[in-house]
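Architecture at a glance
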Amino acid sequence: MTDESRDALLSGYRRFREDHWPEARAEYEALAADGQKPHTLVVACSDSRADPALIFDTAPGQLFVVRNVANLVPPYEPDGHLHGVSAALEFGVKVLNVSRIMVMGHALCGGVNAMIHGAPADCQDFVAPWVAQGASAVRRVCEECPPEDLMQAAEEAVVRLSLDNLRTFPWIAEREAAGTLALSGVHFGIADGILRSLRGARFEVLG
């Protein structure tokens, strides 16, 4: 850890202990004693500019967040291999009994940009094959919309793809059909702070 990054983290921790912890202590103690009971599982991008807890102004224990490059959900594949996103989904749905799964895309997504233009040359081990799963959805968008709209349309297409893949998990599809689990998709604008929600076939600004 560099001195600059270490100092920034330690300063943040000290502010947390001095400014936030005294009034939040009872809440954390209750979470420790009673366990977490988040109402929503959020699949979000790892991008440092799009933090779900900050955007939704949530308290500890309210969101179960899964973050990865380009907020992707792979399809259901119980093949015994390592599936980090799927493991988090299984725990969130079956153990924590969340009532909503939200896929949150965002503007200026580097992962989506890699689907369009290719992953960086030095990110071929893991990033390239990871973003490849969204390439076909993005390719269709590239053929259908003007260049000035391409990036946002591609980001929205990845949100739709992840929602489609969520429904390949039988225990998610069953709960959605029963009305005990809702699926939703949103897109966050980094420059303007506007959140848009998928309504039918379109993303609309949330009031």
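Structure's up top.
Here's a quick rundown of the structure.

Definitions and limits used
- Residues numbered from 1 in each chain as written.
- Predicted model: local features only at pLDDT ≥ 70, side-chain atom pairs only at ≥ 80, totals over all residues.
- Heavy atoms only, no water.
- Helix = DSSP H or I, 4+ residues; strand = E, 2+ residues; numbered from the N terminus.
- Pairing = 2+ DSSP bridges.
- Phe/Tyr/Trp six-rings, centres within 6.5 Å; stacked < 30°, edge-to-face > 60°.
- Buried < 20%, exposed > 50% of the residue type's maximum accessible area, 1.4 Å probe, protein only.
- Axes fitted to C-alpha atoms, helices over the stretch in contact; angles between N-to-C directions.
- Contact = heavy atoms within 4.5 Å.
- Left-handed = near helix turned anticlockwise from the far one by under 90°.
- Nonpolar A, V, L, I, M, F, W, Y, C, P; charged D, E, K, R; others polar.
- Core = buried A, V, L, I, M, F, W, Y, C linked by side-chain atoms within 4.5 Å.

**Observations regarding unusual backbone geometry**
Of note, Asn97 is a non-glycine position whose phi angle comes to about 55 degrees, a positive value. Here Asn97 lies in the loop between helix H3 (84-95) and strand S3 (100-106). Phi at Leu108 takes a positive value of approximately 60 degrees, unusual for a residue other than glycine. Of note, Leu108 is situated in the loop between S3 and helix H4 (110-117).

**Considerations on the pairing of strand S5 (residues 195-199)**
Sheet topology note: the strand S4 (residues 182-188)/S5 ladder contains three bridges and is antiparallel. Within S5, the residue paired with Val186 across the bridge is Ser197. The hairpin formed by S4 and S5 contains six residues between the paired strands, and Gly193 there has a positive phi angle of roughly 70 degrees. Pairing between S5 and strand S6 (residues 202-205): four bridges, direction antiparallel. Within S6, the residue paired with Arg196 across the bridge is Val205.

**With respect to the packing of aromatic side chains**
Enumeration according to the criterion identifies seven aromatic pairs in this entry. Ring centres of Phe16 and Trp21 lie 6.0 Å apart, and the angle between their planes is 55 degrees; this geometry places the pair in the tilted category. In this structure Phe16 comes out as partly exposed when scored by relative accessible area, which is 26%. Grouped by ring-pair contacts, the aromatic residues Phe16, Trp21 and Tyr28 constitute a single cluster.

**A few points about the pairing of strand S1 (residues 40-45)**
Burial within S1 is extensive, with six of its six residues counted as buried. Residues of S1 alternate between two faces, with Thr40, Val42 and Ala44 on one and Leu41, Val43 and Cys45 on the opposite face, all of them buried. When S1 meets strand S2 (residues 63-68), the two strands line up parallel, connected through six bridges. Residue pairing for S2: Val42 is matched across the bridge by Val65.

**Structural notes on the environment of His106**
Assignment of secondary structure puts His106 in strand S3. Sequence separation of His106 and Phe188 is 82 residues, and the distance between their C-alpha atoms is 4.4 Å.

**A word on the sheet that holds S1**
Taken in spatial order, the six strands line up as S2-S1-S3-S4-S5-S6 in an open sheet, and their pairing is mixed. Only two strands of the sheet have a single partner each, and these edge strands are S2 and S6. On average, adjacent strands in this sheet sit at an angle of 30 degrees to one another, irrespective of strand direction. Helix-sheet contacts for H3 involve S1, S2 and S3, and the interaxial angle to S2 is about 170 degrees. Sitting on the sheet, helix H7 (residues 147-166) is in contact with S3, S4, S5 and S6, with an inclination near 165 degrees to S4.

**Thoughts on the packing of H3 against helix H8 (residues 170-178)**
Contact geometry of H3 with H8 gives a least axis separation of 10 Å together with a crossing angle of 35 degrees. For the crossing formed where H3 meets H8, the hand is left-handed. Within the contact between the two elements, H3 uses Ser86, Leu89, Glu90, Val93 and Lys94 and H8 uses Trp171, Ile172 and Arg175. Partitioning the contact of H3 with H8 into residue classes produces four nonpolar, one polar and three charged.

**Structural notes on the nonpolar core**
Formed by 22 residues in total, the largest nonpolar core has its most connected members in Leu41, Leu89, Ile101, Leu166 and Ile172. If you list the elements that add at least two residues to this core, you get S1, S2, H3, S3, H7 and H8. If one sorts the elements of this core by residue count, H3 sits on top with four residues. Sequence-distant contacts of Leu166, defined by excluding residues within four places in its chain, comprise Val73, Leu89, Ile101, Val103, Ile172 and Leu183.

**Description of the packing of helix H6 (residues 135-144) against H7**
A pair of packed helices is characterised by two quantities: the angle between their axes and the separation of those axes. The interhelical angle for the contact between H6 and H7, taken along N-to-C directions, is 145 degrees, at an axis separation of 9 Å. Like other packed secondary-structure pairs, H6 and H7 cross with a definite hand, here right-handed. Taking contact as the criterion, the partners of Ala137, Val138, Val141 and Cys142 in H6 are, on H7, Leu150, Ala153, Ala154, Ala157, Val158 and Leu161. Its residues placed into classes, the contact of H6 with H7 shows 10 nonpolar, no polar and no charged.

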